[in-house]
Amino acid sequence: MAMVNMKNVIKRYGDFTALDHLDLTVAEGEVLGLLGPNGAGKSTCIKTLCGLIDANSGTVEVFGKAQSVSNLEIRRHIGLVTQEITVFSDLSALENLRYFGGLYGLKGKELNDNVAEMLDFVGLADRAKKRPKTFSGGMQRRLNIACALVHKPKLVIMDEPTVGIDPQSRNHILESTKRLAESGTTIIYTSHYMEEVQAICSRISIMDAGRVIADGTIDQLMSSVTHEDRVHLTAAMASDQLTTELKEIAGVKTVNVNGNQYLIVSGAGSGNLNRIMEIAQRNGGIVGFSEEKPNLEDVFLTLTGKKLRDDQA
Ligand code: ADP
């Protein structure tokens, strides 16, 4: 069964179209990575899914039912984790969890059990009686996650859950997310960190300008853009002659030169590495070379023309 089914969804803010005929599906038990450059519409998509805002048109179904701001029943079964810390700093970790569990209607044994399980799940059992204001940023984030999951939602949406926290808490959150996935929970995970997405997600949807522009497993996405061989060559000596000869090799599409660094891009499977080496040897020699294997970052760049993280420019 599809846990999420968005079809032809349009959401406008004034004249601006934030979701532009968006199609997105998430199957039960799937961990979907939702990727996109800033402004792509990821948060708007998530808010629409959670029933925090209504779309202007299109179908938004969650658990097979129509989602909207007025549908509180669906929201009870969604856990939304954002970067914002929404816990109370003057309540202990335990009291916070009991409070949020209570909001979702948990009581008695179920509340006690879920609270204990969640404290353990995020590795804060030994700090249950402590107030979050004494916690590190990463521990606060983990408590925040526990509060968002205490009602055991069927669908968990994690929006950049590891941004700006220490490596230990980051690893903890990744491991917890994997365990959550293994227990069968359906997860939508947005992140700017490729290695996280590669480690956790079974499928990826890439958004740009308000719509999904590519969708598939990591392997499928990579093979969809693997249409180039890229060789980085450090020549002992740069020369126009070398550049010209490299450009004349069969299959070579472009040669970029930066000092004595050459980037030679050929059509996929052109098999011209030996020829490149031979020409470079003849034109002064080779200091080093490497062949570039595509990764998810390349897929993203090829499809959107943008870097996934601004700081990677
Ligand atoms: P992302 O999460 O991918 O960065 P958002 O969904 O936050 O993208 O935003 C998509 C676009 O919609 C952005 O250009 C943003 O400026 C615009 N936007 C988001 N929220 C509002 C709002 N409440 N009013 C007007 N424009 C908005």
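A quick note: this is a predicted structure, and the numbers were derived from the prediction, not measured. (Residues numbered from 1 in each chain as written. Predicted model: local features only at pLDDT ≥ 70, side-chain atom pairs only at ≥ 80, totals over all residues. Heavy atoms only, no water.)

**Points about the sheet that holds strand 13 (residues 261-267)**
Inclusion rule: By the convention used here, strands pair only if DSSP detects at least 2 bridges between them. Comment: elements are numbered from the N terminus, with helices defined as DSSP H or I runs of at least four residues and strands as E runs of at least two. Here an angle of 0 to 180 degrees is reported between the N-to-C directions of two axes, which are lines fitted to C-alpha atoms, with helices fitted over the stretch in contact.
Here we have four strands laid out as an open sheet, ordered 12-13-11-14, and antiparallel in their pairing. Of all the strands in the sheet, just strand 12 (252-258) and strand 14 (286-292) have a single pairing partner and so form its edges. Averaged over all neighbouring strand pairs, the angle between strand axes comes to 15°, with direction disregarded. The pairing of strand 11 (residues 228-235) with strand 13 spans seven bridges and is antiparallel. Bridged to Glu228 within strand 13 is Gly267.

**A few points about the packing of helix 3 (residues 93-103) against helix 4 (residues 108-121)**
What counts is decided by this rule: Should an angle fall under 35 degrees it is called roughly parallel, over 145 degrees roughly antiparallel, and 65 to 115 degrees roughly perpendicular, with every other angle called oblique. The sense of a crossing depends on the near helix, which, turned anticlockwise from the far helix by less than a right angle, makes the crossing left-handed and, turned clockwise, makes it right-handed. Here, two residues are considered to be in contact whenever any of their heavy atoms come within 4.5 Å of each other. Classification convention: Asp, Glu, Lys, Arg as charged; Ala, Val, Leu, Ile, Met, Phe, Trp, Tyr, Cys, Pro as nonpolar; all other residues, Gly among them, as polar.
The geometry of helix 3 relative to helix 4 is characterised by a closest axis approach of 10 Å and an angle of 130° between their N-to-C directions. As far as their axial angle goes, helix 4 and helix 3 are oblique. Remark: the crossing between helix 3 and helix 4 carries right-handed chirality. The residues of helix 4 that touch helix 3, namely those facing Ala93, Leu94, Leu97, Arg98, Gly101 and Gly102, are Leu111, Asn112, Val115, Met118 and Leu119. Considering only residue class, the contact of helix 3 with helix 4 consists of seven nonpolar, three polar and one charged.

**Some points on the layout of surface pockets**
Rule in force here: Grid spacing is 1 Å over the protein atoms alone, the probe is 1.4 Å, and a cavity is where that probe fits but cannot get out, while a pocket is an open set with protein on both sides within 12 Å along at least five of seven lines and lining residues have an atom within 4 Å of a point. Grid points are joined across faces, edges and corners, and a volume is the space filled by probe spheres set on the points.
Put simply, the largest pocket is a space of about 460 Å³. If you go around the largest pocket, you meet 18 residues; those closest to its centre are Ile78, Gly79, Leu80, Tyr104 and Ala148. Looking at which element gives the most residues to the lining of the largest pocket, the answer is strand 6 (residues 78-81), with four residues. Residue classes in the lining of the largest pocket are distributed as 11 nonpolar, four polar and three charged.

**Let's talk about the domain arrangement of the protein chain**
Formally: Note that the domain bounds reflect an automated or database-derived domain assignment.
You can read the domains of the protein chain as domain 1 (2-222) and domain 2 (227-293). Using C-alpha coordinates to define each centre, domain 1 is positioned 45 Å away from domain 2.

**So, helix 11 (residues 296-304)**
Cut-off, in case you're wondering: Three labels apply to residues, based on accessible area from a 1.4 Å probe with only protein chains included: buried if under 20% of the type maximum, exposed if over 50%, partly exposed otherwise in between. Think of it as the arc spanned by the lines of direction from the helix axis to the C-beta atoms.
Inspection of helix 11 places Leu296, Glu297, Val299, Phe300 and Thr304 among the buried residues, and these make up the whole buried set. Considered in projection along helix 11, the buried side chains sweep an arc of 160° and stay on one side of the axis. Residues of helix 11 that are buried make contact with strand 3 (31-35), helix 7 (194-200), strand 9 (203-208), strand 10 (211-216) and helix 8 (218-225). Two residues or fewer past helix 11, Gly305 is found with a positive phi of approximately 70°.

**Details of the side chain of Lys11**
Put simply, the test is: In this charge count, Lys and Arg are treated as positive and Asp and Glu as negative; neither His nor the chain ends contribute. Think of a salt bridge as a Lys or Arg side-chain nitrogen and an Asp or Glu carboxyl oxygen that are within 4 Å of each other. The definition of a polar contact used here is a pair of N or O atoms within 3.5 Å, where within protein one atom must be able to donate a hydrogen and the other to accept one, and adjacent residues in sequence count solely through side-chain atom pairs.
Following the sequence through the fold, Lys11 ends up in strand 1 (residues 2-13). Here Lys11 occupies a buried position and makes no salt bridge, while the nearest side chain of opposite charge, Asp54, is found at 7.7 Å. Of note is the side chain of Lys11, whose polar atom sits 3.1 Å from the backbone oxygen of Asp54. The contacts of Lys11, once residues within four sequence positions are left out, are Phe16, Thr17, Ala18, Leu19, Thr44, Ile53, Asp54, Ala55 and Asn56.

**Here's the deal with the packing of aromatic side chains**
Rules: Aromatic contacts are taken between Phe, Tyr and Trp rings whose centres are within 6.5 Å, Trp giving its six-membered ring; a plane angle under 30 degrees counts as stacked, one over 60 as edge-to-face, and the others as tilted. Any Lys NZ or Arg CZ found within 6 Å of a ring centre and within 35 degrees of that ring's normal is scored as a charge over the ring.
With the rule as written, the count across this model stands at three aromatic pairs. Ring geometry for Phe88 versus Tyr99: centroids 5.1 Å apart, planes at 90°, classification edge-to-face. Placement of the pair is Phe88 in the loop between strand 6 and helix 3 and Tyr99 in helix 3, with a sequence separation of 11 residues. Since its relative accessible area comes to 36%, Phe88 is described here as partly exposed. Overall, the relative accessible area of 38% leaves Tyr99 in the partly exposed class. An aromatic cluster is defined as three or more aromatic residues linked by ring pairs; in this entry it consists of Phe88, Tyr99 and Phe100. Just above the ring of Phe63 sits the side chain of Lys154; from NZ or CZ to the centre is 4.4 Å.

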